Amino acid sequence: MQVDLLAGTGYRPLALPRTQPTLLVFDSGLGGLTVLARLTQACPHAHIVYAADDAGFPYGRLSEAELVARALAVMERLVERFHPDLAVIACNTASTLVLPALRARFGIPFVGTVPAIKPGAMATRSGLISVLATPGTVARDYTRELIGTYAAAHHVTLVGATRLAGLAESALKGEPVDDEVVRAEIAPCFIEAHGRRTDVVTLSCTHYPLLLERMKRLAPWPVTWIDPAPAIARRVADLLGPAAPLLPPESTAVFTSGGGLSAPLRIALAGYGLAQVTIEPMPLAA
């Protein structure tokens, strides 16, 4: 299965870009904020809608069929309400599975999030790379195809962290996070073999950069941590094309549940430019 997660040559810059295009950034939770932060820098003229399908979080608990159906249903509602010019699927678990269905259903460009295996292979000196991801992303055939295509000459360790995304959400909400739990989650990334050590770890879940400084501190030795968000932002900026400078527009956060919208989280969202928060109720079907 070959899926063009970063939009590649499948899309050209928008022929008639609006003065202030609308970007939809979609994730199951709060991890996509790491992509949003880069997009606001790369596309300061855009109106950004951040959509968190927190009623479905975490997506890893859904079957592949359930995940495709859920993403299509939520996106249908979001496209109808906000009329985006471009959508970013800021979730590796969803991107590796649902992009073909989204592109078949909707007539707007979709930019996905891919495990950064190619840049990891380019950056390594020891030949030992670890892909830190969710169990769902680790299990995808697409992830293994990326390894076969770009990192076949290297030793790649796939680490499916079961708790790290939830820990990242807790940290952003101002809740306590135990360092030892984080340490245990990242420990399998660090391999020593034949006098060599892992020297590259790809952050293959958009939640994980939220814990990056903590992970750097807890790592047993320094490594290069690769976050795909800058590359995603550059791709979106290329697709939108140049625009006249405008005052930064207000951005909006939309949640499908809102059950975890505490006061500390609202403050954190405001720090990302998301002072306006709304609920678009979409319970997860039983």
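Refer to the preceding data block for the structure.
Residues numbered from 1 in each chain as written. Predicted model: local features only at pLDDT ≥ 70, side-chain atom pairs only at ≥ 80, totals over all residues. Heavy atoms only, no water.

### Describing the overall build of the protein chain
Item 1. Assigned secondary structure in the protein chain consists of 11 helices and 12 strands.
Item 2. Relative to its length of 286 residues, the protein chain is compact, with a C-alpha radius of gyration of 18 Å against a globular reference of 19 Å.
Item 3. Each principal axis of the C-alpha distribution contributes one length, and for the protein chain these read about 55 × 40 × 40 Å.
Item 4. For the protein chain, with 286 residues in total, the buried portion stands at 55%.
Item 5. In the protein chain, once contacts between residues fewer than 6 apart in sequence are set aside, the share between residues at least 24 apart is 79%.
Item 6. Here the protein chain has roughly 12,500 Å² of accessible surface; of this, 56% comes from carbon and sulfur atoms.
Item 7. Side-chain charges in the protein chain split into 24 positive and 24 negative, and the spacing between the mean points of these groups amounts to 4 Å. (Helix = DSSP H or I, 4+ residues; strand = E, 2+ residues; numbered from the N terminus. Rg over C-alpha atoms; globule rule 2.2 N^0.38 Å. Buried < 20%, exposed > 50% of the residue type's maximum accessible area, 1.4 Å probe, protein only. Contact = heavy atoms within 4.5 Å. Areas by Shrake-Rupley, 256 points an atom, 1.4 Å probe, with all protein chains shown as cover. Lys, Arg positive; Asp, Glu negative; His and termini not counted. Charge placed at Lys NZ, Arg CZ, Asp CG, Glu CD.)

### Some words on the pairing of strand β9 (residues 200–204)
Item 1. Of all five residues that make up β9, five are buried, and the element is covered over most of its length.
Item 2. Neither face of β9 is exposed, since Val200, Thr202 and Ser204 on one face and Val201 and Leu203 on the opposite face are all buried.
Item 3. In terms of strand pairing, strand β5 (residues 128–133) meets β9 through five bridges, oriented parallel. Of the residues in β9, the one forming a bridge with Val131 is Thr202.
Item 4. Relative to strand β10 (residues 224–226), β9 runs parallel, the two being bridged by three bridges. (Pairing = 2+ DSSP bridges.)

### Digging into helix α3 (residues 92–105)
Item 1. Taking 1.5 Å of rise per residue, the 14 residues of α3 would be expected to cover 20 Å, and the 20 Å separating its terminal C-alpha atoms lies within 8% of that figure.
Item 2. Its axis deflected by about 65° at Val98, α3 carries its strongest bend there, up to four residues before the proline Pro100.
Item 3. Among all positions of α3, only Asn92, Thr93, Ala94, Ser95, Thr96, Leu97, Val98, Leu99 and Leu102 are buried.
Item 4. Looking at the buried side of α3, the elements it contacts are α2 (64–82), β3 (86–89), β4 (110–111), α5 (135–139), α6 (141–150) and β9. (Expected span 1.5 Å × (residues − 1). Bend = angle between axes of the 7 residues up to and from the residue.)

### What to know about the packing of aromatic side chains
Within a pair of aromatic rings, the relevant descriptors are the distance that separates the centres and the angle that separates the planes.
Item 1. By the definition in use, this model includes four aromatic pairs.
Item 2. A ring pair is formed by Phe106 and Phe110, whose centres lie 6.2 Å apart and whose planes are at 50°; its orientation type is tilted.
Item 3. The exposure class assigned to Phe110 is buried, which follows from its relative accessible area of 0%.
Item 4. Chaining the aromatic ring pairs together yields one cluster made of Phe190, Trp221 and Trp225. (Phe/Tyr/Trp six-rings, centres within 6.5 Å; stacked < 30°, edge-to-face > 60°.)

So yeah, pure geometry; function would need other evidence.
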